[in-house]
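Each chain, letter by letter, is given below.
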Amino acid sequence: MFEVLENQTLAPSLHRLTVRAPLVAAARQPGQFVIVRKDEQGERIPLTIADADAGAGTIRLIVQAIGPSTQDIVATPAGGALRDVVGPLGKPTHLQKWGKVACVGGGVGTAVLYPLAKALAQRGNELYVIIGARSAPYVILADELAEFSKQVYVITEDGSLGRKGLVTAVLADMLSGTLPRPDAVFAVGPVPMMAAVAEQTRPHNIPTMVSLNPIMIDGTGMCGGCRVKIGGQTKFACVDGPEFDAHQVDFKGLANRLKMYQPRQDCRIGLGKEGR
Ligand code: NAD
Ligand code: FES
C-alpha cells in the first residue's frame, strides 16, 4: 500500500496527491509516469510523476476525476492509501540546452508539462510558458511555473484570466517575433491542441516535442494498447515515449484510437449522448 500524505484541490475535479513511494521517488526522472490502482477492482491509471522528493521518499501526482477509478483515486484523503503505484515507467525527457524554450500547456496537460519544464530550466534553458484553459478556475500551476520561468503567459477561452483565446495565439506571436522567438517547443494538452502546435512550428523547422496520452494498460510494451504511429512506424507510448517529435506524430490516428473507448467510458460513468 502507498500512503497518501496530502490531497489538494487544484481546479474543479483536479487534485494533487503527495504519495509515499520511496523507491519510485529515488529512481524517477522527469517525463516518466506511474500506473496507479486505488484497489484490486480499480482500473490501471497512468499518471505522470509531477514531482518527486527523493529525500522525503515522496512523489506528487496530479489526477483529474473523469471516470469511477479516477474518482476513487482523488477521493483518497490524507492518511488513506493507494493499492498499487508501479514505476517509474516510460523514457525520461530528452534534455539539452536549446536556448529559449516555449512550454505550452493546455488545461490538465499543464500538470504533465510541469516536470518537463522544471527539468528544462535546470538544464539552463530560458523558459517561456504558455498556459491555456477554458476559464480562470482551470488555470493551474501558474505560480509554480513562474518560479523557474522567464515569462508565464496565461490565456483563457473566455478571457476571465490573462489574454482571451487559445494557446496557439500566444505561440503565433512568439513565432512571428512579436514575443521572444523559441529555439524549441514542448507542448502537452488535448490532441487537437498538440496537432495545432505541430502545424504552427513545422514551417519554421523548430524542434517540437509532445507528450502523448493514448490508452495504456500494462505500461510495459506487452499489450499494444498504447500504440501510436510516429513517422509511419508503430511505437508504444509506454516504452518508446510518452514524448515524441511532434512533426512525426499521426495525431488523427491517435484521436481515433482515443475515441474508440469513449462510449464504454460514458456507460461506466452513466452518460448517454445527451448527458455530455
Ligand atoms: P481543454 O479542452 O479545456 O483545453 C485547454 C486549452 O488547450 C484550451 O483552453 C486551449 O488554449 C488549448 N486548446 C484546446 N484545443 C485546442 C485547439 N484545437 N487549438 C489550439 N489550442 C487548443 O483541456 P482539458 O479539458 O483541461 O484537458 C483535457 C484533454 O487533455 C483530454 O483530452 C486529455 O486526454 C488531454 N490530456 C493530455 C495529456 C497529455 O499527456 N498529452 C495530459 C493530460 C490531459
Ligand atoms: Fe501496453 Fe503500452 S500500455 S504496450
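Everything below is about the structure printed above this text.
None of the values given here were measured: they were computed from a predicted structure.

Parameters at a glance
- Residues numbered from 1 in each chain as written.
- Chains lettered and ligands numbered in written order.
- Predicted model: local features only at pLDDT ≥ 70, side-chain atom pairs only at ≥ 80, totals over all residues.
- Heavy atoms only, no water.
- Axes fitted to C-alpha atoms, helices over the stretch in contact; angles between N-to-C directions.
- Helix = DSSP H or I, 4+ residues; strand = E, 2+ residues; numbered from the N terminus.
- Parallel < 35°, antiparallel > 145°, perpendicular 65-115°, else oblique.
- Contact = heavy atoms within 4.5 Å.
- Nonpolar A, V, L, I, M, F, W, Y, C, P; charged D, E, K, R; others polar.
- Polar contact = N/O pair within 3.5 Å; in protein donor to acceptor, adjacent residues only side chain to side chain.
- Expected span 1.5 Å × (residues − 1).
- Buried < 20%, exposed > 50% of the residue type's maximum accessible area, 1.4 Å probe, protein only.
- Pairing = 2+ DSSP bridges.
- Near = heavy atom within 4 Å.
- Areas by Shrake-Rupley, 256 points an atom, 1.4 Å probe, with all protein chains shown as cover.

Participant: Which residues make up the packing of helix α6 (residues 191-201) against helix α8 (residues 251-260), and what values do they have?
Facilitator: In contact at an axis separation of 10 Å, α6 and α8 are set at 180° when each is read in the N-to-C sense. One finds that α6 runs roughly antiparallel with respect to α8. Within the contact between the two elements, α6 uses Val-191, Met-194, Ala-195 and Ala-198 and α8 uses Phe-251, Leu-254, Ala-255 and Leu-258. Tallied by class, residues from the contact of α6 with α8 come to 8 nonpolar, no polar and no charged.

Participant: Before we move on, could you go through the side chain of Thr-76 and cite the residues and values that matter?
Facilitator: With respect to the helices and strands, the residue Thr-76 is situated in the loop between α2 (68-74) and β6 (81-82). Within the local environment of Thr-76, its side chain forms a polar contact with the side chain of Lys-38, the two groups lying 3.3 Å apart.

Participant: A description of helix α3 (residues 109-122) should follow, citing residues and the corresponding values.
Facilitator: Here α3 spans 21 Å end to end across 14 residues, near enough to the 20 Å set by a 1.5 Å rise per residue. Among the 14 residues in α3, 11 count as buried, and that is most of the element. Those residues of α3 that sit buried are Gly-109, Thr-110, Ala-111, Leu-113, Tyr-114, Pro-115, Leu-116, Ala-117, Ala-119, Leu-120 and Ala-121. Looking one or two residues past α3, Gly-124 carries a phi angle of roughly 100°, positive in sign.

Participant: Give a description of the sheet that holds strand β9 (residues 126-133) that names residues and reports values.
Facilitator: Taken in spatial order, the 7 strands make up an open sheet running β11-β10-β9-β8-β12-β13-β16, and their pairing is mixed. Each end of this open sheet is capped by a strand with a single partner; those strands are β11 (163-164) and β16 (243-245). Where strand β8 (residues 100-106) lies against strand β12 (residues 184-188), 5 bridges are found, and the strand directions are parallel. Among the inter-strand pairings, Ala-102 is bridged to a residue of β12, identified as Val-185. Where α3 meets the sheet, its contacts fall on β8, β9, β12, β13 (208-211) and β16, and the angle it forms with β8 comes to roughly 165°.

Participant: Pulling in residues and values, what's your account of the site of ligand 1?
Facilitator: Around ligand 1, a shell composed of 21 residues is seen, among which Val-108, Arg-134, Glu-157, Ser-211 and Asn-213 lie nearest. With respect to ligand 1, the side chain of Arg-134 contributes an N or O atom lying 2.6 Å from an oxygen atom. Note that a nitrogen atom of ligand 1 is positioned 2.7 Å from one of the backbone N or O atoms of Ser-211. Contact with the protein chains hides 75% of the accessible area of ligand 1, taken as 870 Å² for the molecule alone. For the shell around ligand 1, the elements supplying multiple residues, two or more each, are α3, β9, α5 (167-176) and α6. Among the elements that line the shell around ligand 1, the one with the most residues is α6, at 4 residues. Along the lines of polarity and charge, the residues of the shell around ligand 1 split into 11 nonpolar, 8 polar and 2 charged.

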